[in-house]
Amino acid sequence: MTEFSRITYNYNNRIILNDVTTDTAKYVLLNTPNITDTLIINTEEVKPEEPGIIDYGAKLGKGQWAVPVTLFATTLAGISSLIQTLKQAFNPDLLELDSTYGETTSYLGYHPLDWTETVGSDTRNFRIYAKSQEIPQVSMDTYSGLIRKSSIKLKVADPRKYLQTATTMSGTGTANNAGTYTTPMKITVTASGATSTSLTITNSTTSKSIYVTTALANNDTLVIDTGLHSVKLNGVEKRSMLSGSTDWWLLNPGNNTIAATNTTNATFSFEWRSAWPL
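Some points on the overall build of the protein
Part 1 of the reasoning: Counting secondary structure elements, the protein contains three helices and 19 strands.
Part 2 of the reasoning: Across the 278 residues that make up the protein, the buried fraction comes to 46%.
Part 3 of the reasoning: For the protein, the share of sequence-separated contacts (at least 6 apart) that also reach a separation of at least 24 residues comes to 68%.
Part 4 of the reasoning: For the protein, the accessible surface area stands at approximately 13,400 Å², while carbon and sulfur atoms represent 50% of it.

Observations concerning the nonpolar core
Part 1 of the reasoning: In terms of nonpolar packing, the biggest core is built from 31 residues, with Tyr9, Ile15, Val67, Leu71, Phe90 and Ile152 touching the most fellow members.
Part 2 of the reasoning: At the level of secondary structure, the elements contributing two or more residues to this core comprise strand 1 (9-11), strand 2 (15-17), strand 3 (26-30), strand 4 (65-73), helix 2 (76-89), strand 5 (111-119), strand 6 (122-132) and strand 7 (147-156).
Part 3 of the reasoning: Judged by nonpolar contacts, the second largest core, of 25 residues, contains Ala175, Val231, Leu233 and Trp248.

Examining helix 2
Part 1 of the reasoning: Taking 1.5 Å of rise per residue, 14 residues should cover 20 Å, and helix 2 covers 20 Å from first to last C-alpha, within 8% of that figure.
Part 2 of the reasoning: Three or more residues of helix 2 are buried, namely Gly78, Ile79, Leu82, Ile83, Leu86, Lys87 and Ala89. Across the axial projection of helix 2, the buried residues extend over an arc of 165°, all falling on one side.
Part 3 of the reasoning: Turning to helix 2, the residues buried within the fold contact strand 1, strand 2, strand 3, strand 4, helix 3 (92-95) and strand 7.

Section: a nonpolar patch on the surface
Part 1 of the reasoning: Together, Leu76, Leu146 and Ile147 make up an exposed nonpolar region whose accessible area comes to about 250 Å².
Part 2 of the reasoning: Looking at the secondary structure, you find Ile147 in strand 7.

Let's talk about the sheet that holds strand 14 (residues 221-225)
Part 1 of the reasoning: Strand order in this open sheet of six strands is 9-18-11-14-15-16, and the pairing throughout is antiparallel. With one partner strand each, in any of the chains shown, strand 9 (167-170) and strand 16 (236-237) form the two edges of the open sheet.
Part 2 of the reasoning: Sheet analysis places strand 14 next to strand 15 (residues 230-233), joined by four bridges and oriented antiparallel. Its bridge partner being in strand 15, Asp225 is matched across the sheet by Ser230.

Focus: the sheet that holds strand 10 (residues 173-177)
Part 1 of the reasoning: Taking strand neighbours across the sheet as the criterion, the four strands line up as 10-17-12-13 in an open arrangement whose pairing is antiparallel. In the strand order of this sheet, the two ends are held by strand 10 and strand 13 (208-212), each with one partner. Going across the sheet, the axis of each strand differs from the next one's by a mean of 25°, ignoring polarity.
Part 2 of the reasoning: By the bridge criterion, four bridges tie strand 12 (residues 199-203) to strand 17 (residues 254-261) in an arrangement that is antiparallel. Residue pairing in the sheet places Thr200 in a bridge with Thr261 of strand 17.

Some remarks on the confidence of the model for the protein
Part 1 of the reasoning: Residues of the protein with pLDDT of at least 70 account for 89%, and the chain-wide mean is 89.
Part 2 of the reasoning: The model gives residues 41-48 a pLDDT under 50, and that stretch makes 24 contacts with residues more than four places away or in other chains.
Part 3 of the reasoning: Counting contacts from residues 51-63, a segment whose pLDDT is below 50, to residues more than four positions away or on other chains yields 47 contacts.

Rules used in this analysis
- Residues numbered from 1 in each chain as written.
- Predicted model: local features only at pLDDT ≥ 70, side-chain atom pairs only at ≥ 80, totals over all residues.
- Heavy atoms only, no water.
- Helix = DSSP H or I, 4+ residues; strand = E, 2+ residues; numbered from the N terminus.
- Buried < 20%, exposed > 50% of the residue type's maximum accessible area, 1.4 Å probe, protein only.
- Contact = heavy atoms within 4.5 Å.
- Areas by Shrake-Rupley, 256 points an atom, 1.4 Å probe, with all protein chains shown as cover.
- Core = buried A, V, L, I, M, F, W, Y, C linked by side-chain atoms within 4.5 Å.
- Expected span 1.5 Å × (residues − 1).
- Arc of directions from axis to C-beta.
- Patch = residues over 30% accessible without salt bridge, like charges linked within 9 Å, V, L, I, M, F, W, Y side chains within 5 Å.
- Salt bridge = Lys/Arg side-chain N within 4 Å of Asp/Glu carboxyl O.
- Pairing = 2+ DSSP bridges.
- Axes fitted to C-alpha atoms, helices over the stretch in contact; angles between N-to-C directions.
- pLDDT = per-residue confidence, 0-100.

Here's what the structure looks like:
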């Protein structure tokens, strides 16, 4: 019988924390049972409620979320290799060049940190987006032995843990956020001809609307991200497409009724991830 089961945390497939089975000769362990325990300890202010780009790292102790870890190995060569793996996995210079999650992408350098939790009879695959603040410091002195201490310093993109799998919906209708916290939505509008200059997309549950006041042309695609406050026309940022009175609405927990008006030549698709508070 095992002493207890550790949750494994996968940082964008660069390193898996608490993985004691893949290589039993070397691994990195968290010093707390759950990574969010560390987040709670470091939180100095309440979670922000407003939509938009929320650099939740700014709400943590000294702007950082310090995750204490311990490195274990059975040989000096193993501990040296493990140290290099840890340093490379959380090297900000390498992370910002990532083609999917780097600084120049829509993720702004925040990489996925995935894990699985069992909540009652439910198993949920969670994800947060975190950015490494510095290369972890670990003693390279061979006299330090085969157990080394370190700390991973991260910032979190926002105060939510999301399901790893996104939910999609074609056309308007009922969008269900299975979590207990508001969550942003990505809206894609595709034009089959000239669209209206008064196209409105509404979350009727919250009575908030997005107003598209510039017409799309045939084959145009408009992507609106209510979390990032981003509006991209054919891949190019163009927030001027929306009225200044637009609400960057979120999905409430539970069912949300999504509606649209003045939809001539416009079709819609929606994508979101159910969310829970950290």
